[in-house]
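# Residue-level structure breakdown
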Amino acid sequence: MAGKKSARAESHRDLLRQMLRIRRFEERCVELYSGEKIRGFMHLYIGEEAVAVGVSHALTADDVVVSTYREHGHALIRGVPATTIMAEMYGKATGCSRGRGGSMHLFDVARRFYGGNAIVGGGLPLAVGLALADKMQDRNRVTVCFFGDGAVAEGEFHECLNLAALWRLPVLFACENNLYAMGTALARSHAQTDLALRAAGYGVAAWPVDGMDVLAVADAAARAAEAIRAGAGPHLVESRTYRFRAHSMYDPDRYRSKQEIEQWKKRDPIDALVASMKAEREITDDDLAVLEKEISEEIDHAVAFAEQAPVEPVEDLSRFVYSETSETSGRARVGPVEAAS
Amino acid sequence: MSAANTITYREAMREAIREALRRDDRVFLMGEDVGAYGGCFAVSLGLLEEFGPERVRDTPLSEAAFVGAGIGAALGGMRPIVEIMTVNFSLLALDQILNNAATLLHMSGGQLNVPLVIRMTTGAGRQLAAQHSHSLEGWYAHIPGLRILAPATVEDARGMLWPALEDPDPVLIFEHGSLYGVSGQPGPGQVDITSAALRRSGKDVTLIAYGGTTGKALAAADVLSAEGTEADVVDLRVLRPLDDATIMESVGRTHRAVIVDEGWRSGGLSAEIGIRIAEQAFYQLDAPIQRVCTAEVPIPYARHLEEAALPQVPSIVAAAREAVAS
């Protein structure tokens, strides 16, 4: 029993560490944005960390992740180094997309992280196709596709749920329902606001879950992933969550009340996990301080890496429009930039 | 040419798909009615029976999903051939084609190439009216990251698919609907997908055409020849990247150019070719560049109206006469 209990505590510490990494990384990003080190659109995940961390907990290194433009957290948890993420946001050559993507388009194929898609719903067909390729090549992988409540209004959501169900593809549809499509509340844009119900019409098993509870998300994702690996076809996990910050750095956040935001902050997924871990005597304040220090060092290192990173030469502007091969046959082999993590 | 050696454009395309399916088990065909129906233009007739439903995949009427799934499958190591019934329907998948297929390689800093082939029917002439008849390949030729092919001959219909599948990047093949029944020799089975072709040589004027207008340009050249005017006919074959060298070489010899394009004139492919000639061969020109394009209307149904809307042999001949008279 003692072994089981300590394994559980270890798992909780890992979940906490991952959520904290996202939170602290993004808090640093805000400072860097204010300092004009990071530009363009930047969308923060703060408040929603339990979703990425809980869902990712169900994955192996061989699984595939397709994400949205609010993807710093997904990328970090997938193992994309904080250094190359930060360098990308700085627009540097050693960024994970060589400075061509920015905050919204992080990619790392070596970690099976297929991006950073900023067309709402646009990643779903890619996930269906990646899963189709796995199925046709007899690879037992799960493809996770993160998307928000806004994407459920897009035609691609409906087309893709049908197609994935029709072909019994190994896709875990991870819906991050944060209640707002940019500034439009769910109830202002959906006749049926129970999003899990929408999937049921396509024969896709769909479970709503408390997206502020990382253990609940992890449990639902694990059950879904297990069923998918067993050949049960696509599943949808709708995590009901909330973003504490505005939609993007440009958003004055006029469409929701301060009280509403404060109410949700009381359910902060990190605070909730820390409280339950303390109650179970799984963590002490000293442990927390050590964890915070480690994370702070990781982020300091990432910022230093990005600061000193070279920029892509302007002469390379038109690279990667077409593949760089010596002839027209054969796949391009231009790998991601390797960087110390 | 003996009749025994000839096949139709449709059969050539089918043979190309069959060969690809046999040659590489990563290749599969996917689209609306490609399987049980045999393809809406009967291109894939019999392939479902031969290769089974895994590799000849009927899809729901979900262009964005199945084109996007083709992109995803290509990222996952497959070599999909996605068929879209007509170019008008491809607009439902334009997001996937532009924002993903054409963009992922660059946006990912070189990590994600998309070895995908998308085939679709284009063009008018069959009284299918305004939602099945347009020639929008020029729009696609606007997009960096894509290679755009327009096979005008049976040989190209047979030979372009395999090199397109070998291309590490997305290739769109536009098949003019009026060509499926045309017969010709299939050739050795593989052709280059980088250059334009000189289909006829003449010293007096260059007719530049592609796809469905190539045959009309050749017919116009015959009419002109009877009048003593000899035309070069350049079949573009590849609409992106354009083979400027072949165009300029021809215009450099004839000093007169007529561009024939079934797309609309304003902001279209003919405008692009015209300005390239102006940029690169201005001092070679002895006459203003002429264009023969589709009238700026949605394609109408009635036969006489549709015919009047499209480039035709007499309008090409008239434009060439104008160029030569200057």
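Residues numbered from 1 in each chain as written. Chains lettered and ligands numbered in written order. Predicted model: local features only at pLDDT ≥ 70, side-chain atom pairs only at ≥ 80, totals over all residues. Heavy atoms only, no water.

Per an unreviewed UniProt entry, chain B goes by Transketolase-like pyrimidine-binding domain-containing protein and derives from Microbispora amethystogenes. Among the UniProt annotations of chain B, the heading Cofactor (unreviewed entry) holds the following wording: "thiamine diphosphate". (UniProt positions renumbered as here; feature names shortened; annotations may be inferred.)

Labelled according to an unreviewed UniProt entry, chain A appears under the name Pyruvate dehydrogenase E1 component subunit alpha, originating from Microbispora amethystogenes. Taken directly from UniProt, the Subunit (unreviewed entry) text for chain A runs: "Heterodimer of an alpha and a beta chain." A UniProt comment under Catalytic activity (unreviewed entry) is attached to chain A, and it reads "N(6)-[(R)-lipoyl]-L-lysyl-[protein] + pyruvate + H(+) = N(6)-[(R)-S(8)-acetyldihydrolipoyl]-L-lysyl-[protein] + CO2".

Turning our eyes to something else, we now look at the overall build of chain A. In terms of regular secondary structure, chain A is built from 12 helices and 8 strands. Its C-alpha atoms give chain A a radius of gyration of 20 Å, near enough to 20 Å, the size a compact globule of 341 residues would have. The 341 residues of chain A split such that 56% are buried. Put simply, 75% of the contacts in chain A that link residues at least 6 apart link residues at least 24 apart. Surface accessibility of chain A: about 14,100 Å² in total, with carbon and sulfur atoms responsible for 51%. If the 41 positive side-chain charges of chain A are averaged to one point and the 49 negative ones to another, these points end up 2 Å apart. (Helix = DSSP H or I, 4+ residues; strand = E, 2+ residues; numbered from the N terminus. Rg over C-alpha atoms; globule rule 2.2 N^0.38 Å. Buried < 20%, exposed > 50% of the residue type's maximum accessible area, 1.4 Å probe, protein only. Contact = heavy atoms within 4.5 Å. Areas by Shrake-Rupley, 256 points an atom, 1.4 Å probe, with all protein chains shown as cover. Lys, Arg positive; Asp, Glu negative; His and termini not counted. Charge placed at Lys NZ, Arg CZ, Asp CG, Glu CD.)

What follows is about the packing of helix α4 (residues 82–89) of chain A against helix α12 (residues 285–308) of chain A. Any two packed helices are characterised by how steeply their axes cross, that is the angle between the axes, and by the distance between the axes. Residues and elements named next belong to chain A. Viewed as axis vectors pointing N to C, α4 and α12 meet at an angle of 45°, and their least axial separation amounts to 8 Å. When the axes of α4 and α12 are compared, the pair comes out oblique. Here α4 and α12 pass one another in a crossing that is right-handed. Contacts between α4 and α12 pair A82, T83, T84, M86 and A87 from the former with E298, H301, A302, V303, F305 and A306 from the latter. Within the contact of α4 with α12, the residues separate by chemical class into 7 nonpolar, 3 polar and 1 charged. (Axes fitted to C-alpha atoms, helices over the stretch in contact; angles between N-to-C directions. Parallel < 35°, antiparallel > 145°, perpendicular 65-115°, else oblique. Left-handed = near helix turned anticlockwise from the far one by under 90°. Nonpolar A, V, L, I, M, F, W, Y, C, P; charged D, E, K, R; others polar.)

Under the UniProt annotation, "domain: Dehydrogenase E1 component" (unreviewed entry) lies at residues 18–313 of chain A. The span residues 18–313 of chain A shows a helical share of 46% and a strand share of 12%, and its end C-alpha atoms are spaced 34 Å apart.

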